[in-house]
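One letter stands for each residue in the lines below.
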Amino acid sequence: MSKKVSFFNLSIYKILSKEQPFLDQARIRLLYYGFFLIFVALGALYLNVYFQGQRMLAQTALVLMGSVVLLFKYLTWRPDWRGAAHALLVVGTLVNASLVYVSIQTVNIITVQVIIIVIVFSYYMLGQQWGLIYSLLNTVPVLVFMIIEYNSGYVIGIKPNKIDQSTIIISLFANFILLIFIHSHFYTAFLKNIKHLKDSSAEQARLYNKMETAIEKAEKSAQAKSEFLSTMSHEIRTPLNAVIGMSNLLMMSGPRPDQRENLEVLKFSANNLLAIVNDVLDFSKIESGKIVFENIRFNLIELMNNICGGQILKAEEKGLLFKLDVDSSLKNKVLFGDPTRITQIIFNLVSNAIKFTAQGNIWVRVTCVEDRHNIVTVNFSIRDTGIGIKKENLENIFEPFTQESLATTREYGGTGLGLAIVKRLLELQGLQMTVNSMTGHGSEFSFNMEFPVSTEVVPEAVVAPQAKQSAEDTLASLRVLIAEDNMVNVMLMKKLLSKWSINPTIAENGERAVEFMQYGNFDIVLMDLQMPVMNGFDASKEIRKMADPKKSGVPIIALTASALFDIKEQVYEAGMNDYVAKPFKPDDLLEKLNNYAVRKRVG
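Residues numbered from 1 in each chain as written. Predicted model: local features only at pLDDT ≥ 70, side-chain atom pairs only at ≥ 80, totals over all residues. Heavy atoms only, no water.

1. A few points about the pattern of salt bridges
Then step 1. One pass over the structure, following the stated rule, counts 14 salt bridges.
Then step 2. Note that K195 and D199 form a salt bridge whose closest N and O atoms lie 3.3 Å from each other. Separated by four residues within a single helix, K195 and D199 lie in helix α5 (residues 165-252), roughly one turn from each other.
Then step 3. Judged by relative accessible area, which is 53%, K195 ranks as exposed.
Then step 4. R206 is paired through a salt bridge with E203; the nearest N and O atoms lie 2.5 Å apart. Of this pair, R206 and E203 both sit in helix α5, three residues apart, which is roughly one turn of that helix.
Then step 5. Bridged by salt links that share partners, the residues E370, R372 and E450 form one connected network. (Salt bridge = Lys/Arg side-chain N within 4 Å of Asp/Glu carboxyl O. Helix = DSSP H or I, 4+ residues; strand = E, 2+ residues; numbered from the N terminus. Buried < 20%, exposed > 50% of the residue type's maximum accessible area, 1.4 Å probe, protein only.)

2. Re unusual backbone geometry
Then step 1. Positive phi, close to 65°, is recorded for S501, a residue that is not glycine.
Then step 2. Note that S501 resides in the loop between α12 (487-498) and β9 (505-507).
Then step 3. The backbone of V533 sits at a positive phi, close to 70°, despite the residue not being glycine.
Then step 4. Of note, V533 is situated in the loop between β10 (524-528) and α14 (536-544).

3. A word on the packing of helix α3 (residues 81-103) against helix α4 (residues 109-151)
Then step 1. Two numbers describe how α3 lies on α4: the axes approach to 8 Å, and their chain directions differ by 10°. Judged by the inter-axis angle, α3 sits roughly parallel to α4. (Axes fitted to C-alpha atoms, helices over the stretch in contact; angles between N-to-C directions. Parallel < 35°, antiparallel > 145°, perpendicular 65-115°, else oblique.)

4. Some details on a nonpolar patch on the surface
Then step 1. Among the surface-exposed residues, Y123, L132, L136, V140, V144 and I148 lie close enough to one another that they form a single nonpolar patch of about 470 Å² accessible area.
Then step 2. By the secondary structure assignment, Y123 is in helix α4. (Patch = residues over 30% accessible without salt bridge, like charges linked within 9 Å, V, L, I, M, F, W, Y side chains within 5 Å. Areas by Shrake-Rupley, 256 points an atom, 1.4 Å probe, with all protein chains shown as cover.)

5. A look at the nonpolar core
Nonpolar side chains in soluble globular proteins tend to be buried together.
Then step 1. Within the largest apolar cluster, 50 residues are counted, with the highest numbers of intra-cluster contacts made by L300, M304 and F380.
Then step 2. Residue assignment for this core shows that the elements contributing at least two residues are α6 (257-288), α7 (300-317), β2 (321-326), α8 (339-355), β4 (361-371), β5 (375-384), α10 (418-428) and β7 (442-452).
Then step 3. Ignoring sequence-local partners within four residues, the contact set of M304 consists of L324, V326, I346, V364, V366 and F380.
Then step 4. In terms of nonpolar packing, the next biggest core, distinct from the first, is built from 38 residues, I15, L64, L126 and Y134 among them. (Core = buried A, V, L, I, M, F, W, Y, C linked by side-chain atoms within 4.5 Å. Contact = heavy atoms within 4.5 Å.)

See the structure below:
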């Protein structure tokens, strides 16, 4: 026990605390009041044997009284009940042995009572192990003495003291009082401890119920947050889809140079707003811990070319020189990993490099630093000649909604989420980002990532000898059903599909889409997910239940502006074949339609 009190303390209340267990408090009380009882009993015995002239017993009683006083003072100064109990038992063991072998040279009822007290006291105070040790230390010497006395008699050169009846009576009375006190005290302590355990159990049950309620509220709150994000993203993305989609259509219609410039400003602003919405949603997904990393095959060189293709144009618009250097040893390797998350990381880092660089260069290097045949370690490095970052701000830039300074935010804009998303995505994979930066000279962000290597070889691109059929001719005969309730989106889809010579059928909700499928024939269904009467999930399930295999097996592509964390899983569970997020790029939708059109023609 670490509690310290004054050397002159004699109060028990200063050596007790509420933090101590009930049994420990009981042990301290037993020692405190037990010392008083032992001292009184020893005083009575001392007076009795002293006036009878039994000097050896009187001296033993005086030594015991002195020991009790010292141990009492030790307990009230340093409340170490274990040390005091050990000291008392050692003294008692030595005195018991000296009485049997020296002072009275016999075993009587007093000796037996003292042994019983020692055994009970040691078990109660110190537990099973020490209780057994002190029991053996007291019983074995007495048994040895009795064997010696029985076989040959016990004789030493010291005359034993004779104990008269009054001494026996006083000793028996004191021993009985001590035994009753020890048992009574610990019985009360055990009852209090059991009651405390019952109260603690009831409190734990109450806290458990409270915790369950809190968990249930937290789950409902998380669900509400998820639904809110889904609803808000849908409400924001839906008009954005119309703005970006109409901008794409107008730009596809051959506008005049002045009109194209206005359209590019409109599209740039809409894409910026979409990027902000996406950053907030991505960060929310990461913080919720619901990010699941894929492990699919991909070619790193192709991926890096796709990521940096659009970024090179942005860099050139600012007059920057953009250099992409990918290790040639990765050319024919098929890796396993999550290309979507790699794209997210590299895209954010490259976008920042372009944004914060007014003149100079952007370098993107991908280097194979270790090739162990079945696993490669790849270093990604993005370096720029931009404004740089102060050393004291290097940690802050990875915090959400934070940039290097307020001036940076005002000059360059942005949400301050890009690097936070990058850091979280790397940390979730057990990776760390390294940053080297010098103010006015630029920055370099780099990290290493391991990829398992597939045994398959990247096939060389082979051009089919047969004449390619144009996309318009391929899609012209495609019968498309669109399930969409938003009239602006309906108009946008009609105009977009008309560019590819497709005349779609429109269903204003999921129920109408199911009816159209029952009474008509379609090659593909573009299904919005959030619609009145019947949503896209239920409509897809109903279509999959149809008896006609051609209708039940029709390809269904989900079109949605939702941002639910598990939207892709829900899409596939409902029986849909593919997924396109609004607002989408026309080329993305065209590619998917072409794929299904080719399958239809081949089939």
